[in-house]
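Structural overview for review
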Amino acid sequence: QVQLVESGGGLVQAGGSLRLSCVASGRIFSSYGMGWFRQAPGKEREFVAAISRNPSITFHADSVKGRFTISRDNAKNSVYLQMNSLKPEDTAVYYCAADVENAPLYSSRGYYTRLGEYDYWGQGTQVTVSS
């Protein structure tokens with residue numbers, strides 16, 4: 001199995017920034033598609049951002065475009081989510097996910113937004129944004 005461990009969550013004031021990290025096990029991390037999802041209390045888990053095996057291919061939810069940036073460092077088996085200009089509505093548990101099996105080099109935005117495309121999930125890290 002692939003193990004995913006998120007870190008970097010916390011409490012921040014509106015307008016502030018946080019950087020989430022996710023470290024994955026395995027020696028073929030560069031072959032994984034990676035995503036970030038979030039879930040607020042009483043709501044379904046929703047897509048935030050994704051990065052393909054080709055790190056130049058990224059997608060971000062409309063609600064976070066221009067504020068959040070996903071990136072990866074294959075040498076460190078890590079994926080990151082830089083979150084700037086945080087808003088109270090960004091408050092949620094943020095989950096890292098890995099598309100390990102048959103991950104495409106490139107696919108449509110819709111592919112990366114579907115929870116079912118990801119094979120492994122981290123335990124999540126809480127992000128709380130105060131107003």
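This report concerns the structure included in the present document. (Residues numbered from 1 in each chain as written. Predicted model: local features only at pLDDT ≥ 70, side-chain atom pairs only at ≥ 80, totals over all residues. Heavy atoms only, no water.)

1. Concerning the environment of Ala-49
Here Ala-49 lies in strand E5 (residues 46-51). For the pair formed by Ala-49 and Trp-36, sequence separation is 13 residues and the distance between their alpha carbons is 5.2 Å. If we skip the residues at most four places from it in the chain, Ala-49 touches Met-34, Gly-35, Trp-36, Phe-59, His-60, Ile-70 and Leu-81. (Helix = DSSP H or I, 4+ residues; strand = E, 2+ residues; numbered from the N terminus. Contact = heavy atoms within 4.5 Å.)

2. Points about the environment of Ile-28
Tracing the sequence through the fold places Ile-28 in the loop between strand E3 (18-24) and strand E4 (33-39). The exposed category is assigned to Ile-28, whose relative accessible area is 51%. (Buried < 20%, exposed > 50% of the residue type's maximum accessible area, 1.4 Å probe, protein only.)

3. A word on the packing of aromatic side chains
For the structure on display, the rule yields seven aromatic pairs. Pairing Tyr-111 with Tyr-112 gives two aromatic rings, centres 5.1 Å apart and planes at 80°, and the pair type is edge-to-face. Pair check on accessibility: Tyr-111 and Tyr-112 agree, each one buried. Aromatic ring contacts, followed pair by pair, group Phe-37, Phe-47, Tyr-118 and Trp-121 into a single cluster. Note that Arg-45 overlies the ring of Tyr-95, its terminal NZ or CZ placed 3.7 Å from the centroid. (Phe/Tyr/Trp six-rings, centres within 6.5 Å; stacked < 30°, edge-to-face > 60°. Lys NZ or Arg CZ within 6 Å of the ring centre and 35° of its normal.)

4. Observations regarding unusual backbone geometry
A positive phi angle, near 50°, is found at Asn-77, a position not held by glycine. Topologically, Asn-77 is positioned in the loop between strand E7 (68-73) and strand E8 (78-83). Since its relative accessible area comes to 14%, Asn-77 is described here as buried. Here Ser-85, not a glycine, exhibits a phi torsion of approximately 50°, which is positive.

5. Side note on the nonpolar core
Formed by 38 residues in total, the largest nonpolar core has its most connected members in Leu-4, Met-34, Trp-36, Leu-81, Met-83 and Tyr-94. Aside from chain neighbours lying at most four places away, what touches Met-83 is Gly-16, Ser-17, Leu-18, Leu-20, Arg-67, Phe-68, Tyr-94 and Val-127. (Core = buried A, V, L, I, M, F, W, Y, C linked by side-chain atoms within 4.5 Å.)

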